[in-house]
Amino acid sequence: MATLTTFEAGYCTHTACVALPGAGFRTCAFPARAWMIAAGGRRWLWDTGYASHFHDCTRSGLLAIYRKVTPVYFDPSESVARQLGQHGVRPVDLDALIVSHFHGDHIAGLRDFPSIPVICSGAGWASVRALRGLSALRRAFVPGLIPEDFDSRVRPVERFEQVTLAPELAPFTTAWALPGSNDDVLLVPLPGHAAGHLGAFIRTDGGWVMLAADAAWSPRSYRELRGPSALAYAILEDRRAYLETLRKLHLLDRGGHVRILLTHEGAL
Ligand SMILES: [Zn+2]
């Protein structure tokens, strides 16, 4: 069985109805979460949330627009690296980072975890790694957050063993098994939000949990099958795939066997 430890590393604010049409015009805080996954005597970190590197890399130039569109609130004491330290876990104690996708609020802390492998979608990484300037901004990708030795540390999920999922995880049928996790951590594509966007099924003592990253910003999105606003669609990688992923989460939720955790849920 695996265990999950939840961290919140800063948050950004948005108008509610941008994330969920009809939710009104109040300003809501969207926490940037990360999770430590422990299984089979090993530990992994799922995403990093914000880190001071995000401010450093978006202070000027075109990427300063990113910060204006999503105002970020972050104190260095909230970095996941610092919070892990409070649990007695050093970066070198982690087997690897797992990156759900390459938006800035998920990879801002990469530089706090030098040398260790990074598990991600190889296709997702290939689609963003050369982006700079306006094309980077349009994909919410901040190139300066990527460590110089990143390419040599990438472990693409596409090379992991594929396994058939238990019926209670329907409509999901196959996944990539995280090596060393005794099949307690199973990675699945959740396409649409960003290139190579990943989710993970985690088998815990309390049953299956899915880390669904940014497949939705509110549980109401998949429960009521409500996509985000037209404005939010502008930053989505693939609208049709996003809605198909939302439909699959809807069915998974209705099945009642899996607790779905979204990175930014809470406000709506
Ligand atoms: Zn995202």
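Given the structure is predicted, the values throughout are model-derived calculations rather than measurements.

A.B. asks: What's the story with the pairing of strand 9 (residues 174-177) in this structure? I'm lost.
C.D. replies: When strand 8 (residues 162-164) meets strand 9, the two strands line up antiparallel, connected through three bridges. Across the sheet, the residue bridging to Gln 162 is Trp 176, located in strand 9.

A.B. asks: How do you make sense of the nonpolar core when you look at a structure like this?
C.D. replies: Across soluble globular proteins, nonpolar side chains show a tendency to be buried alongside one another. Within the largest apolar cluster, 77 residues are counted, with the highest numbers of intra-cluster contacts made by Ala 200 and Ala 212. Top element by residues in this core is strand 2 (residues 27-39). It accounts for eight residues. Excluding its chain neighbours within four sequence positions, the residues that come into contact with Ala 200 are Trp 46, Val 185, Leu 186, Leu 187, Met 210 and Leu 211.

A.B. asks: Got a minute to help me understand the sheet that holds strand 12 (residues 207-211) in this structure?
C.D. replies: Within a beta sheet, neighbouring strands are joined by backbone hydrogen bonds and run either parallel or antiparallel to one another. In spatial order, the strands read 8-9-10-11-12-13; together these six strands make up an open sheet with mixed pairing. If you trace the sheet from one side to the other, it starts and ends with strand 8 and strand 13 (258-261), each paired once. With direction set aside, neighbouring strand axes in the sheet form an average angle of 35°. As defined by bridge partners, strand 10 (residues 185-189) adjoins strand 11 (residues 198-204) across five bridges and the pair is classed as antiparallel. Residue pairing in the sheet places Leu 186 in a bridge with Phe 201 of strand 11.

A.B. asks: Help me out: how do you make sense of the environment of Ser 115 in this one?
C.D. replies: As for its placement among the helices and strands, Ser 115 is situated in the loop between helix 5 (104-107) and strand 6 (118-120). Its 9 C-beta neighbours within 10 Å are what place Ser 115 among the exposed residues. Distance in space between the C-alpha atoms of Ser 115 and Ser 152 is 9.4 Å, their sequence separation being 37 residues.

A.B. asks: I keep staring at the environment of Ile 119 and nothing clicks. Help me out?
C.D. replies: Position of Ile 119 among the secondary structure elements: in strand 6. The exposure class assigned to Ile 119 is buried, which follows from the 24 C-beta atoms found within 10 Å. On a C-alpha basis, the gap between Ile 119 and Arg 132 in space is 22 Å, while along the polypeptide they are 13 residues apart. Other than its neighbours up to four places away in sequence, Ile 119 contacts Ala 96, Leu 97, Ile 98, Arg 155 and Val 157.

A.B. asks: Is there a simple way to explain the sheet that holds strand 6 in this structure?
C.D. replies: One open sheet holds the seven strands; their spatial order is 4-1-2-3-5-6-7, and the pairing between them is mixed. Each of the sheet's edge strands pairs with one partner strand only, and the pair in question is strand 4 (72-73) and strand 7 (154-156). The pairing of strand 2 with strand 3 (residues 42-46) spans five bridges and is classified as antiparallel. The partner of Trp 35 across the bridge, within strand 3, is Trp 46.

A.B. asks: How should unusual backbone geometry be read in this particular structure?
C.D. replies: Backbone phi values are negative for most residues with the exception of glycine, while trans is the configuration of most peptide bonds. For the bond running from Ala 170 to Pro 171, omega is 15°, close enough to zero to count as cis. Along the polypeptide, Pro 171 turns up in the loop between strand 8 and strand 9. Phi at Asp 47 is positive, roughly 65°, even though this residue is not glycine. If you trace the backbone, Asp 47 turns up in the loop between strand 3 and helix 2 (52-57). Phi is positive for Ala 213, which is not a glycine, with a value near 50°. With respect to the element layout, Ala 213 can be found in the loop between strand 12 and helix 9 (219-223).

Calculation notes
Residues numbered from 1 in each chain as written. Predicted model: local features only at pLDDT ≥ 70, side-chain atom pairs only at ≥ 80, totals over all residues. Pairing = 2+ DSSP bridges. Helix = DSSP H or I, 4+ residues; strand = E, 2+ residues; numbered from the N terminus. Core = buried A, V, L, I, M, F, W, Y, C linked by C-beta atoms within 7 Å. Buried ≥ 20, exposed ≤ 12 C-beta atoms within 10 Å, placed from the backbone. Contact = placed C-beta atoms within 7 Å. Axes fitted to C-alpha atoms, helices over the stretch in contact; angles between N-to-C directions.

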